[in-house]
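Coordinates in review
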2 protein chains.
Amino acid sequence: MSHAGSKKRKLDKPAEDKLYFESYADVSIHEEMIADTVRTDTYRKAIFNNKSQIEGKVVLDVGAGTGVLSVFCAQAGARKVYAVEASSIAEQAEKIIKQNKVEDKVEVIKGALEAVELPEQVDVIVSEWMGYALLHESMLNSVISARDRWLKPGGLMLPDKAELFIAPINDLVVEERLNFWSTVKSQYGVDMSCMTDFARRCIMASAEITIKPVTVEDVLSHPVKFAELDLNAVNLEHLSSVKGRFRCLCFGSAAFNAFCVFFAVTFPGSRHPLVLSTSPFKPETHWKQAVLYLDQAVEVVQDTLVEGDVHMYPSEEGSRHICIHVDYTVAEEKKKSKTFAISDGSSYAEPLKRKNYDGQEEEDD
Amino acid sequence: MSHAGSKKRKLDKPAEDKLYFESYADVSIHEEMIADTVRTDTYRKAIFNNKSQIEGKVVLDVGAGTGVLSVFCAQAGARKVYAVEASSIAEQAEKIIKQNKVEDKVEVIKGALEAVELPEQVDVIVSEWMGYALLHESMLNSVISARDRWLKPGGLMLPDKAELFIAPINDLVVEERLNFWSTVKSQYGVDMSCMTDFARRCIMASAEITIKPVTVEDVLSHPVKFAELDLNAVNLEHLSSVKGRFRCLCFGSAAFNAFCVFFAVTFPGSRHPLVLSTSPFKPETHWKQAVLYLDQAVEVVQDTLVEGDVHMYPSEEGSRHICIHVDYTVAEEKKKSKTFAISDGSSYAEPLKRKNYDGQEEEDD
């Protein structure tokens, strides 16, 4: 399905928030998140690893969804958990909390974090706020606001660190898709090889960020960390512009046709920190990886240097949408630049088993 | 991704047509159609089977896309082929026609069929007009208009017959999705079984037509033909309301949780007709099958009678969108009714390998 020709229109903040929160009103996204065992198990372990700091304490769960993290905190001995959730999934969280007999400890508060009043300061903030490419959805902003308003000095952030990585890749699926048009003649006796250029323009010259699983074989160098956020200290201004440099040495001969961006978050722990990584070298998560296609593939060999700068910032069209600008050079070639964005749609969440077509999102006007 | 809470807004015909034609401007849908060997090979065979009626004759290709069917007709000896295509893919069709050296025979005409003037009447109309559930996209209307305006009396229609089928099915994937919530407790120690009802409401009570491949094992009875369209005779009024009855006897014990609707089209042939079938019992095509979920599953046993009426008609929200109303009874239970629609989005075409999120389609206003 191509959504070509759509006109861009800037949404005001309340309208955008409404669409955003509604994207969490369906079961599919919650099914996908709960079924993501890397995600849910890591949070569970992180909460139980920090049992000593949670027992008898007050916890705030920002964007609680179905309330699963709040239940974990109650099970870990929290005295009180405030589960703040703006979407209508809050009603299901209520039921789940009752079903698990922790309704005396967990209180669901329906509303946007910024608009909610808590009766007390909290000792711990837990939140699963990470979007595609870490910063899509801008939910971290709400977590930071929550920290500044409600977390006691010296309180615990779960997670407390986020890191962003980049690596050059060879997306073989795209190569095969481009090559497809040269195979048509042998199949049907019609030469369609001239479609390759058009396919390249549609697929690679697109400035869209594509979320898909990158396989280990596709990765052309060790990934490089280009930014790190200390969640105890980061402020909203930092989040409006996250930047960093990278220098990658390629493993061997390949057609470099895209960058891959991914993240990891770290949970503090009495013994050792726990990392939730979305690296292509680790088991797949529902975040997969963010793939940024170059307009044209570039041939690299062993030790070819790919270096540059990455800049992530919220899109002007919708402040919850992330843009990624990359300046890069390959070996001695001249510097190139490309700006990528998650399309101006409001597709924040992706179901596990999507239907084969989606509703057209129309605005209330 | 849930597109919950979208407001319905009726598009006017030109705006709807624009969105519809633009959905064919991207490479993905054409890649999917050409890569569908059942589709493309059957058209190729049908055209060469009718070589005697095409040689030296004039052909009209309605909605020519990349022009592959027009090239087949030229290869089969047509004197002239008018390849009418409203989307910008027409520019690629021009290139393909030149690359195959049939530019003296094939003329690409960019425009909507209804707005196009041909210099002469034609002997043959070929068109691959079938949408999901046959009638989604309403492209057959254009083929009928073309037939009435441009086809010589006694001219050849390729295809010349379309049939619609229905069968009760057990969609196991949905059963597993509903059951997922009962498995969470053993995985994470949190009982989320109360989510099953919510999941059922989101997934099954939805009135959306879901396009997905139905496996043979899912089908609970012999499919029943409920409507047949003679493309030499059908008129626009017929297409505004396609109706039929069905009576199915179940094979054995199962949870009947959906209907599946699919189609076949037939090409005339000197020796024997050629059928392009999208049955779940035949190799998969890019049309897959249309699945209509019941609000609740019904247990059936061997020889349980499932019978009723199907009514297909264009949605009021967008005349290119199909609605399917089903009245049905299972054994002695009382009659139930449900109306399904392809959502009010403008997602006519589905790419082979979709990106993981789609642009929000915004209208020009």
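Small disclaimer: the values here were computed from a predicted structure and weren't measured.

Quick look at the overall build of chain A
Tallying secondary structure elements over chain A gives 10 helices and 15 strands in all. Across its three principal directions, the C-alpha atoms of chain A cover 70 × 45 × 35 Å. A buried classification covers 61% of the 365 residues belonging to chain A. Taking the intrachain contacts of chain A between residues at least 6 apart in sequence as the baseline, contacts between residues at least 24 apart amount to 76%. In the structure as shown, chain A presents an accessible area of about 14000 Å², 50% of it carried by carbon and sulfur atoms. Between the mean site of the 42 positive side-chain charges and the mean site of the 56 negative ones, chain A shows a separation of 3 Å.

Side note on the pairing of strand 14 (residues 322-330) of chain A
All names here are of chain A. Within strand 14, eight of the nine residues are buried, which leaves it mostly tucked inside the rest of the structure. Relative to strand 14, strand 13 (residues 305-314) runs antiparallel, the two sharing nine bridges. Following the sheet pairing, D309 is matched in strand 14 by D327. Taken together, strand 14 and the strand that follows it, strand 15 (residues 336-341), pair antiparallel across an intervening segment of five residues, in which A331 is found at a positive phi of about 50 degrees.

Overview of the sheet that holds strand 9 (residues 242-249) of chain B
Residue and element names in this part refer to chain B. Strand order in the open sheet made by the four strands is 9-13-14-15, with antiparallel pairing throughout. The sheet is open, and its two borders are formed by strand 9 and strand 15 (336-341), each paired with just one other strand. Ignoring strand direction, the axes of neighbouring strands in this sheet form an average angle of 20 degrees. As paired elements, strand 14 (residues 322-330) and strand 15 share six bridges and run antiparallel to each other.

Focus on the packing of helix 8 (residues 172-188) of chain B against helix 9 (residues 195-203) of chain B
Residue and element names in this part refer to chain B. Orientation of helix 8 relative to helix 9, taken along the N-to-C sense of each, is 155 degrees, at an axis distance of 8 Å. With respect to each other, helix 8 and helix 9 are oriented roughly antiparallel. Like other packed secondary-structure pairs, helix 8 and helix 9 cross with a definite hand, here right-handed. From helix 8, V174, R177, L178, W181 and S182 reach across to helix 9, where they touch M195, T196, A199, R200 and I203. Its residues placed into classes, the contact of helix 8 with helix 9 shows six nonpolar, two polar and two charged.

Description of the pattern of salt bridges
Two side chains carrying opposite charge are able to pair once their charged atoms lie near each other. Residue and element names in this part refer to chain A. Throughout the structure, instances matching the rule amount to 36 salt bridges over all chains. Where R79 meets E120, a salt bridge forms, and the shortest distance between an N and an O atom there is 3.6 Å. With R79 in the loop between helix 5 (68-75) and strand 2 (80-85) and E120 in the loop between strand 3 (106-110) and strand 4 (122-126), the pair connects residues that are 41 residues apart, well separated along the chain. Take R79: its relative accessible area is 47%, and that puts it in the partly exposed class.

Thoughts on the sheet that holds strand 5 (residues 151-158) of chain B
All names here are of chain B. The five strands are arranged 3-2-1-4-5 in an open sheet whose pairing can be described as parallel. Each edge of the open sheet is held by one strand with a lone partner, namely strand 3 (106-110) and strand 5. Looking at each pair of strands side by side, their axes are set apart by 25 degrees on average, direction ignored. Bridge count between strand 1 (residues 58-62) and strand 4 (residues 122-127): four bridges; the pairing is parallel.

So, the packing of helix 3 (residues 37-49) of chain A against helix 5 of chain A
All names here are of chain A. Where helix 3 meets helix 5, the closest approach of the two axes is 9 Å, and the angle between their N-to-C directions is 30 degrees. The angle between helix 3 and helix 5 falls in the class roughly parallel. Considering only the axes of helix 3 and helix 5, their crossing is right-handed. The residues of helix 5 that touch helix 3, namely those facing T40, Y43, R44, I47 and F48, are L69, F72, C73 and Q75. The residue inventory of the contact of helix 3 with helix 5, partitioned by class, reads six nonpolar, two polar and one charged.

Digging into the UniProt feature "domain: Methyltransferase" (unreviewed entry) in chain A
Sites flagged by UniProt as "domain: Methyltransferase" (unreviewed entry) map to residues 59-155 of chain A. Between the C-alpha atoms that bound residues 59-155 of chain A the distance is 10 Å, and the span itself is 31% helix and 26% strand.

Concerning helix 8 of chain B
Taking 1.5 Å as the rise per residue, helix 8 of chain B with 17 residues should run 24 Å; its terminal C-alpha atoms sit 24 Å apart, in good agreement. The axis of helix 8 of chain B is deflected most strongly, by about 40 degrees, at S182 of chain B. Of the residues making up helix 8 of chain B, those classed as buried are V174, R177, L178, F180, W181, V184 and Y188 of chain B. In this structure, the buried side of helix 8 of chain B is in contact with helix 2 (27-35), helix 3 and helix 5 of chain A together with helix 9 and strand 12 (289-300) of chain B. G189 of chain B lies just past helix 8 of chain B and shows a positive phi near 80 degrees.

Some points on the side chain of T304 of chain A
One can find T304 of chain A in the loop between strand 12 (289-300) and strand 13. Contacts of T304 of chain A, omitting those with residues within four sequence positions, involve C248, L249, C250, V330 and A331 of chain A.

Some thoughts on the environment of M312 of chain B
All names here are of chain B. Summarising the element assignment, M312 is placed in strand 13 (residues 305-314). Each C-alpha atom, one on M312 and one on L135, is 8.2 Å from the other, the two residues being 177 residues apart in sequence. Excluding residues that lie within four positions of it along the chain, M312 makes contacts with A133, L135, L164, F226, S240, S241, V242, I322, C323 and I324.

Digging into unusual backbone geometry
Residue P159 of chain A is reached from L158 of chain A by a cis peptide bond, and omega for that bond is 0 degrees. In this fold, P159 of chain A is placed in the loop between strand 5 (151-158) and strand 6 (161-169). Positive phi, close to 90 degrees, is recorded for E137 of chain A, a residue that is not glycine. Along the chain, E137 of chain A turns up in the loop between strand 4 and helix 7 (139-150). Positive phi, normally seen in glycine, also occurs at K101 of chain B, with a value near 55 degrees. Here K101 of chain B is to be found in the loop between helix 6 (90-99) and strand 3.

Thoughts on the packing of aromatic side chains
Under the counting rule described, the total for this entry stands at 17 aromatic pairs over all chains. A centroid spacing of 5.1 Å and a plane angle of 75 degrees characterise the contact between F256 of chain B and F259 of chain B, whose relative ring orientation is edge-to-face. The exposure class of F256 of chain B is buried, given its relative accessible area of 0%. Seen from their ring centres, F263 of chain B and W287 of chain B are 5.4 Å apart, and the 80 degrees between their planes marks the pair as edge-to-face. Pair noted here: F263 of chain B is in strand 10 (residues 254-267) and W287 of chain B is in the loop between strand 11 (274-277) and strand 12, with a separation of 24 residues, a long-range link. Of the two residues, F263 of chain B and W287 of chain B, both sit in the buried class. Three or more aromatic residues joined by ring pairs form one cluster here, namely F246, F256, F259 and Y328 of chain A. The positively charged end of R320 of chain A is found above the aromatic ring belonging to F21 of chain A, 5.6 Å away from the centroid.

Observations concerning helix 3 (residues 37-49) of chain B
Residue and element names in this part refer to chain B. The terminal C-alpha atoms of helix 3 lie 17 Å apart, and with 13 residues this matches the ideal 18 Å at 1.5 Å per residue to within 8%. Residues R39, T40, T42, Y43, A46 and I47 constitute the buried set of helix 3. With its buried residues spanning 165 degrees around the axis, helix 3 presents them on a single face. With a side-chain oxygen lying 3.2 Å from the backbone nitrogen of V38, the N-terminal cap of helix 3 falls on D36.

Notes on the state of the cysteines
What makes a disulfide is a covalent bond joining the sulfur atoms belonging to two cysteines. A complete count under the given rule lists zero disulfides over all chains for this structure. No disulfide involves C73 of chain A; its nearest neighbouring cysteine sulfur is the one of C194 of chain B, lying 18 Å away. Take C194 of chain B: it sits in no disulfide, and the sulfur closest to it among the cysteines is that of C202 of chain B, at 13 Å.

About the cut-offs
Residues numbered from 1 in each chain as written. Chains lettered and ligands numbered in written order. Predicted model: local features only at pLDDT ≥ 70, side-chain atom pairs only at ≥ 80, totals over all residues. Heavy atoms only, no water. Helix = DSSP H or I, 4+ residues; strand = E, 2+ residues; numbered from the N terminus. Buried < 20%, exposed > 50% of the residue type's maximum accessible area, 1.4 Å probe, protein only. Contact = heavy atoms within 4.5 Å. Areas by Shrake-Rupley, 256 points an atom, 1.4 Å probe, with all protein chains shown as cover. Lys, Arg positive; Asp, Glu negative; His and termini not counted. Charge placed at Lys NZ, Arg CZ, Asp CG, Glu CD. Pairing = 2+ DSSP bridges. Axes fitted to C-alpha atoms, helices over the stretch in contact; angles between N-to-C directions. Parallel < 35°, antiparallel > 145°, perpendicular 65-115°, else oblique. Left-handed = near helix turned anticlockwise from the far one by under 90°. Nonpolar A, V, L, I, M, F, W, Y, C, P; charged D, E, K, R; others polar. Salt bridge = Lys/Arg side-chain N within 4 Å of Asp/Glu carboxyl O. UniProt positions renumbered as here; feature names shortened; annotations may be inferred. Expected span 1.5 Å × (residues − 1). Bend = angle between axes of the 7 residues up to and from the residue. Phe/Tyr/Trp six-rings, centres within 6.5 Å; stacked < 30°, edge-to-face > 60°. Lys NZ or Arg CZ within 6 Å of the ring centre and 35° of its normal. Arc of directions from axis to C-beta. Polar contact = N/O pair within 3.5 Å; in protein donor to acceptor, adjacent residues only side chain to side chain. Disulfide = S-S within 2.5 Å.

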